Amino acid sequence: MSSTNPKSIPARIFGVFAGFGLATTLLVILMLLTWLATLEQTVSGLHATLEKYFSHKNFWVFPDAAIFKHDLMGHDKRLPPLPGGFWVCALLVVNLVLGGIIRIRKGWRTIGVLMAHFGIIFMIIAGGVAQFKEERGVMMMSETGIPGLPSVMDYAQSQVETSVEILEVKDGKVAGPVHFIADRHYKDLEAADATRLIRLPGLPFDLQLERYVQNAKPMSEASMAAERGEPVVEKWYLFVAPANNETAADTPGIHARVVQKDGKQGELFLLAAPNPADFNGLAAPAPAPFTVRQGDRTFAIRMDKQIWPLPFKMRLMDARTENFPHTTKPKYFESDVMRIEEGRESKVFMEMNQPMRYGGWTAYQHTMPGGANSRGGDAIVSGFEVVRNPADQWPKYSIYLAGFGLCLHFILKMVNFMSRGSRSSTATKA
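Since we're looking at a predicted model, the values are computed, not measured. (Residues numbered from 1 in each chain as written. Predicted model: local features only at pLDDT ≥ 70, side-chain atom pairs only at ≥ 80, totals over all residues. Heavy atoms only, no water.)

**Brief notes about the confidence of the model for the chain**
Here comes step 1: Here the chain averages 85 in pLDDT, while 90% of its residues score no lower than 70.
Here comes step 2: Put simply, strand β19 (residues 377–378) is where the chain has its lowest mean pLDDT, 58, and helix α4 (residues 85–102) is where it has its highest, 95.
Here comes step 3: In this model residues 278–284 is a low-confidence stretch, pLDDT under 50, and it forms 15 contacts with partners more than four residues away in sequence or in other chains.
Here comes step 4: Counting interchain partners and residues more than four positions distant, the pLDDT-below-50 stretch residues 372–376 has 14 contacts. (pLDDT = per-residue confidence, 0-100. Helix = DSSP H or I, 4+ residues; strand = E, 2+ residues; numbered from the N terminus. Contact = heavy atoms within 4.5 Å.)

Now the structure itself:
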């Protein structure tokens, strides 16, 4: 008979979650998810693929069969499911904490391994923080301030997220605060009968949103009749176009109604985000907003890409670019900008791998459409990607920590090996 007492149920559960077997399984699944997502982004686009494979909203992922057989595209063929990447990483953090921090033997011999485990955990947590807290937008500016592309901006605009905006207008100007409804409140309303009432405190009415379309094209019945049951409003409707591989190229739309505080509903109207600017010197015209009159007050309702105000202004002073010879591939982008805050001005040089970090925001040289030829020279328009992420530098620190820990562990192992070899040699001579 064995003298070993059987483990309790909590001890067995701890052993499973802290075990090397679970860690290996999770790492294999992450490898598969990364490989499949890399293949699928060529079919579905980068943003949509990341949302599908690594969003906290998805517990399971069904890879698209079109990544292996292009003929299956659009036929809704799916491969066997895999766990969502976010939750695989979350379980990996639990495994590393239990097995790599709590259960591991503590001492000077394992200090390097502990540091490496802390670094990996820190890196995974940084990715989770970024998913929930990161704000990312673009600033497109021109040196001369042409319509739609100003030379001075104090806000960044999202490329993929939209919002419904309600503005009170008086004497042709915005009066009072602007009310925003973020797309997380209506992106799930894709079914024909899906509706949601959005309460608007401080306004004399509420808003009911219906039938969201990811890529909507406002269409006149005179040019094409509605054939899919789309609601028609004053001979116009939102044509449901296929989503683009690059989500930034989509023009979302939604149907809406004004609802009075007593519950009386108004007529249906259409909202659509403006087309992306072509960035060749002209911005795409924005659709006209819907107007609501309440007594002597006038409100405008429109859909646009989400914006984030910045704690400073940026003015584009000079933009320069150059392509590789006989190609349209950029060799470099660089811009001189003036950062303005409370009347203070600071000149900043920016290029592709040299961002500006200030006030918790990071601005990268993102694009320079309509630039110069391969001989180089001045450009007219410069685009900056602006990111606010509290975990922006965490991956760098985690790599330093994990790298130092592994180096320390290898050095300790080498010293231990050499000292044992020296003792063995001395004992042989004796």
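There is more to say after this.
**Some words on the nonpolar core**
Here comes step 1: One finds I166, I181, Y186, L207, L209 and I301 to be the most contacted residues of the largest nonpolar core, which totals 23 residues.
Here comes step 2: Contributing elements (two or more residues each) for this core: β4 (152–170), β8 (205–213), β11 (253–260), β12 (265–272) and β14 (297–323).
Here comes step 3: Among the elements that make up this core, the one with the highest residue count is β8 (four residues).
Here comes step 4: With sequence-adjacent residues up to four places away left out, I301 is seen in contact with V164, E165, I166, F205, L207, V258, F269, L271, P289, F290 and V292.
Here comes step 5: The next biggest cluster of nonpolar side chains, apart from the first, holds 22 residues, and it includes L30, V88, V93 and I101. (Core = buried A, V, L, I, M, F, W, Y, C linked by side-chain atoms within 4.5 Å. Buried < 20%, exposed > 50% of the residue type's maximum accessible area, 1.4 Å probe, protein only.)

**Here's the deal with the side chain of E135**
Here comes step 1: With respect to the helices and strands, E135 occurs in strand β3 (residues 135–142).
Here comes step 2: Side chain to side chain, E135 and R388 meet in a polar contact 2.8 Å long.
Here comes step 3: If we skip the residues at most four places from it in the chain, E135 touches W308, W361, V386, V387 and R388. (Polar contact = N/O pair within 3.5 Å; in protein donor to acceptor, adjacent residues only side chain to side chain.)

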